[in-house]
Each structure stands twice: as C-alpha cells, then as structure tokens.
Amino acid sequence: MTLLDAVLSLSEAPARDEALQRILRALARATAADALSVLTAAEDGSVDVAAQIGLSPAALGLSFRPAEHPRLRRAALAAGPIRFLDPSEPDPYSGWLLGSAGEMHPIHACMAVPLRVQGRLAGLLTLDACDPDGLRGLHDEDARVFAGLCAGALRLDAGPARAAEARRADGLAADRAAPLGRSAAMRRVEREIAVLAPLSVPVLVTGETGVGKELVARALHERSPRAGRPLVVVNCAAIPTQLVESELFGHRKGAFTGATAARAGRFEAARGGTIFLDEIGELPLAAQAQLLRVLQEGEIQPVGEDRPRRVEARVVAATNRDLRREVAEGRFRADLFHRLWVYPICVPPLRERREDIPALCERFAGELAAQLGAARVDFTEPALRALTEGAWPGNVRELKNAVERAVLRRTMAEGSAAGRALVLRPEDVDVDGAGDAIERGAPRVEPAAGEQLWLASAPPDAPVEPLADALERARRDAFARAFRAADGNAAMAGRLLGLSRSFAYKEAVRLGLIPAPEPRKR
C-alpha cells in the first residue's frame, strides 16, 4: 500500500506542500531513511526545503546554493538517482538531523534524485540514513517512481494554495486565528498581536519561562503577510558561543576549522519570512553587533566573507531576562535594546490567567490523544479542578507536561487508547511533578555526613562497574520498561523516553528488546 498511498496523495492532498509531505511519509515507510526532503528550485538558482521528515523543524524553508554544496550541485546536474559514496564531501544537512548534535557522521548513506518538469529542474528529492547500508534496499527504479510523484506534486494547480492564502489574509483560517486565551490578560495580548502582525517592525516578547512566548511569535508570523514564507526558530541559548555568528549569518568554506563547505545561516533560511530569536539575552556581544546591523541596514556578513549580503526577514525576539538590567551591567548592547524595544509584548504568567487553564488542558490532551488514536479525552471535575488550582511555576510548559503525563498514565492503566474515549481522574493528575522527579521504585539519593551521596541499593564496598557498562545497562533497562509500559508501541515508548519513534525503535532493535525487521521481499 505504500506506493498506492503516495499516488493517492496527488489526488487527495489539498495543496502542493501537503502532497509532498504525504509522499515523503509513504517513502519513509518503504525505506530505512532517517531524513527525507524535497527541495524546490527557485528562479535565482537556489533550492529551498519545501517538505521534510526527520530534520529539525527550522530546516523547513532553508535555502541552499547548489554551487556551494558539491552534492547538491551534482544532483542538480544528474540524469537520475545519484548515491554519494565519497565521505569527504560535506552533507548540506549536517547538524540539521532531528535529535542529532553537531555534525552528521561522514560515513552514512545519502542519495538524491532530480525532479524535472518538462525538462526543467524543478527540485530535488533527498534521502539520508545514518546506517551506511540504510538505503541499500531502495532500488533506483523505485526512487525514480517516488521522484516522479514529487515532480507531479510540484505541478499541482496553485488554485487551492491561493485560496488558502486568501483565507489567511482574511483571517478565516481557523487554526491560525484561534485565540491564545480567554482571560482579559491574553485578550490584551491578542489585540497587540492584531496591530503588530501586519507590520515589519521588530517585536520583543517578554515573560517568565514557559509562558508561551513562542506561541506569540508564531501568531505574529501566521497572521502576517509573511505567513506563506518560513518561520525560523532559533534558541540562542543552545548555540555554542563560538558558533553563534556562523549559525545566524552563515559562513564561507574554510572560514574556520571544520567549515568544510559553505553554509547559509538562519537569517538566509528566513528570507522573506520571520526569524524568532528565543533567549536573545544569551547572545554574545559580537553577535549582538551583527544583529544590530541586520535591523538597521538589512545586511548580514557571513563568517569569512568580505562583502555583506542583503537579507529581508522580520525579527521577533524573546527573553525572560530584564534587558534593562542587562544593559546597565554591560551584558547587552544599549543600541540593540532600543532597536528591539519598539513595542514589547509581555506575556503574563499562568497564575495570573487561571481561566485559560481548562481550554489549555483540553487542547494538550486532544493533541496527544490524536497521536494515541483515542477518540477523545474528557476530564472529571476533580481532575480539572486540581489542574486549574495548581501553582505552575513552569507556566504553560509545565501544565502541558502534567496533562500529557495524565493522558499516558490513563492509557497505560486501561491498556490501549485506540478508538476509545479516555476519562482523566484525579489520580492521573500530578500537579507538582514530584511523583515523576524520582521514578517509582527507584532508590532515592540522599545526602549523608560529609556531603557524600550513596545509593541506598548499593553498599559502599560494592565493586565499581565500568561507566560504559553501567550506562549501557541503565539504557537497556529504561528502554525495556518503556516498551513494556507501551505494550510494544514504539511511538508511545519514544514519547515516554522523550525520543522520536524511529530512534526508539532502532535502539530497541539494537539492544535486542524487539526483533529486527525482516528484509523486504521484492
């Protein structure tokens, strides 16, 4: 049914991008690829990520210049599927693989297929597998079929897409016009978003950790004329200091050790759209100076290049710091602060808008229920009251975690959620999270005299186990418990472990907890 699903995507999908996404999902089921993407060719010769699976969400809309990437250049000139066997060639997606940190290992499987429409290059289909043999089962003929479907999707009538764009402009897209909250405080935020969204001025979103600053940034983007262009989310606190400028503004090949290929930065990826700089107070001063130039002149200067480049992207920034104090103490540039402080949006903490909590609980529970296959999720009155009266120092993020824990506990208690309605009870709700701070049945670590810590289950004179062995044993035990609790469902086990479904499945196979899949028969 995999190929049939992909074929039906062309006739059933409402628009091009949805068709591409469905085709990639069908291809993902037929291969061991860890990442798949469709890049569309632009008039200036660049290629943009239009659909992807397995890459960071920020990769959507990422733009590459094939001339700067050997593999993309060869793929664009190829007559058919091409497999990349030279590990010295840099992979353009290195560092973008979902769940990976740093550069992608050079020894991995990678292939690309050009997408041609009436003899013209319309884009590229790419596949990456961390396992060097991961794409061996995909024959070139099958790759051509899927590439043909992708090329067909690129020719889909743009009428539905134009209609969707019109609905967006008129504010009729229900998912994007959905209110952020019902409280008076959030209605004020909604009014501020309505005024600021159509403009191009930078916006600074402030508030405590977990209040939903990213939701405000997304609303600003999705209710703006830029909604059809990328929204690139950057967590400034997660970027190593020495790589901040390269990540934001890009770099030239050979600009520094490890720069084996030119790479476009996040501002290039957000061209024409919005870039959301979360935790902007964490940016080092050198990067702040570059950011100021972007806001003032609309120019970036990639690391190692002599000439600046023009770039047009709206900047939305967020912080939970007091930037005035940061300026006074010399950690944040005063000129950048004043450039960002055009009109700040302050998102109130959850304790000041408790009337929003019931709707948030229903939303979070419904999202997870859909993944579990449940018909719906209902709350008993005591359970909803406990959630509404919680302290929630972690705000919306903490509430979301608590609701998802409750849904998973009820699912495990009843066996399976598929097709059924779940009813959450007070015993499912863990308001303060203390029950999960230390796993049930696990030994607690308590301080003893002399500031020494001992595990109650391990006597002081027990032999010391090599760290690698101890970690592997703990890993096996954690995966085993998760798969038992999930009744062998890899998606649910991955959710419990905080991992993707594909990684949880592959790791369970490696650990011998579930049987390896049999080779596909042709």
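The coordinates are above.
Reading guide: rules and limits
- Positions within a chain are numbered from 1, following the residues in the order the chain's sequence is written.
- Residues qualify for local features only when their pLDDT is at least 70, as the model is predicted, and side-chain atom pairs are given and counted only at 80 or more; totals for whole chains, interfaces and linings, by contrast, use all residues.
- As a convention, hydrogens and water are excluded, and side-chain values are obtained from all of the structure's heavy atoms.
- Helix and strand definitions follow DSSP, with helices as H or I runs of at least four residues and strands as E runs of at least two, each counted in order from the N terminus.
- Burial classes follow relative accessibility: with a 1.4 Å probe on protein chains only, a residue under 20% of its type's maximum area counts as buried, one over 50% as exposed, and anything between as partly exposed.
- Contacts: residue pairs with any heavy atoms within 4.5 Å of one another.
- In this description, accessible areas are obtained by the Shrake-Rupley approach with a 1.4 Å probe, and a residue is regarded as covered only by the protein chains that are shown.
- Here, a strand pair is defined by DSSP locating no fewer than two bridges between the strands.
- Axis definition: a line fitted to C-alpha atoms, limited for helices to the stretch in contact. Angles are taken between N-to-C directions and run from 0 to 180 degrees.
- Counted as a polar contact is a pair of N or O atoms within 3.5 Å, where, for protein atoms, one must be capable of donating a hydrogen and the other of accepting one, and residues adjacent in sequence contribute only when both atoms are in side chains.
- In summary, the pairing rule links any two rings of Phe, Tyr or Trp, Trp by its six-membered ring, whose centres are within 6.5 Å, and it sorts them by plane angle into stacked for under 30 degrees, edge-to-face for over 60 and tilted for everything else.
- Just to be clear on terms, a salt bridge is a Lys or Arg side-chain nitrogen sitting within 4 Å of an Asp or Glu carboxyl oxygen.

For the rest of this paragraph, the subject is the overall build of the protein chain. On a plain count of helices and strands, the protein chain comes out with 20 helices and 17 strands. Across the 522 residues that make up the protein chain, the buried fraction comes to 43%. A sequence separation of at least 24 residues applies to 66% of the contacts in the protein chain between residues at least 6 apart. In the form shown here, the protein chain has an accessible surface area of approximately 26,500 Å², with 53% of it arising from carbon and sulfur atoms.

Attention now goes to the sheet that holds strand β2 (residues 47-53). The strands that make up a sheet are held in pairs by hydrogen bonds between backbone atoms, and each pair lies either parallel or antiparallel. Strands sit in the order β3-β2-β1-β6-β5-β4 across an open sheet of six strands; the sheet is antiparallel. In the strand order of this sheet, the two ends are held by β3 (63-64) and β4 (82-83), each with one partner. Inspection of the sheet shows β4 paired to strand β5 (residues 109-117) by two bridges, in the antiparallel sense. Considered in β5, the bridge of Arg83 is made with Met111. Packed on one face of the sheet, helix α2 (residues 16-30) meets β1 (35-41), β2 and β6 (120-129) and runs near 55° to β2. Against the sheet, helix α3 (residues 70-77) touches β2, β3, β4, β5 and β6, its axis set at about 40° to β5.

Looking at where Gln52 falls in the secondary structure, it is placed in strand β2. Judged by its relative accessible area of 13%, Gln52 falls in the buried class. Here the side chain of Gln52 touches Leu55 through a polar contact of 2.9 Å, landing on its backbone nitrogen. Non-local contacts of Gln52, meaning those with residues more than four positions away in its chain, are made with Gln21, Leu24, Leu36, Ser37, Pro57 and Leu60.

This part is about the environment of Ala406. One can find Ala406 in helix α16 (residues 395-414). The sequence separation of Ala406 and Val431 amounts to 25 residues, and the corresponding C-alpha distance is 9.7 Å.

Below, the discussion takes up the packing of aromatic side chains. Any pair of aromatic rings gets described here by the distance separating the centres and the angle formed by the planes. The final tally for this structure, using the stated rule, is three aromatic pairs. With centroids separated by 5.6 Å and ring planes inclined at 20°, the aromatic side chains of Phe249 and Phe267 adopt a geometry described as stacked. With Phe249 in helix α9 (residues 244-249) and Phe267 in helix α10 (residues 266-269), this pair connects stretches of sequence that are 18 residues apart. Side by side, Phe249 and Phe267 carry an identical accessibility label, which is buried.

Our focus in this paragraph is unusual backbone geometry. Although it is not a glycine, Trp392 sits at a positive phi angle of roughly 50°. Among the structural elements, Trp392 can be located in the loop between α15 (381-388) and α16. Notably, Asn395 is not glycine yet its phi reads approximately 60°, a positive angle. Among the secondary structure elements, Asn395 is positioned in helix α16.

This model, assessed by the stated rule, comprises 36 salt bridges. Salt-bridge contacts for Arg409 lead to Asp430; the nearest nitrogen and oxygen are separated by 3.7 Å. Within this pair, whereas Arg409 is found in helix α16, its partner Asp430 is found in the loop between β15 (421-424) and α17 (434-437), the two being separated by 21 residues in sequence. According to the relative accessible area criterion, Asp430 is buried, its value standing at 9%. Among the salt bridges present, the one from Arg475 reaches Glu507, with a minimum N-O distance of 2.6 Å. With Arg475 in helix α18 (residues 467-485) and Glu507 in helix α20 (residues 501-510), this residue pair connects regions lying 32 residues apart in the sequence. Accessibility expressed as a relative area gives 9% for Glu507, which makes it buried. Taken together, the salt bridges that share partners define one network made up of Glu282, Arg321, Glu326, Glu329 and Arg331.

Interpretation in functional terms is not warranted from these geometric data alone.
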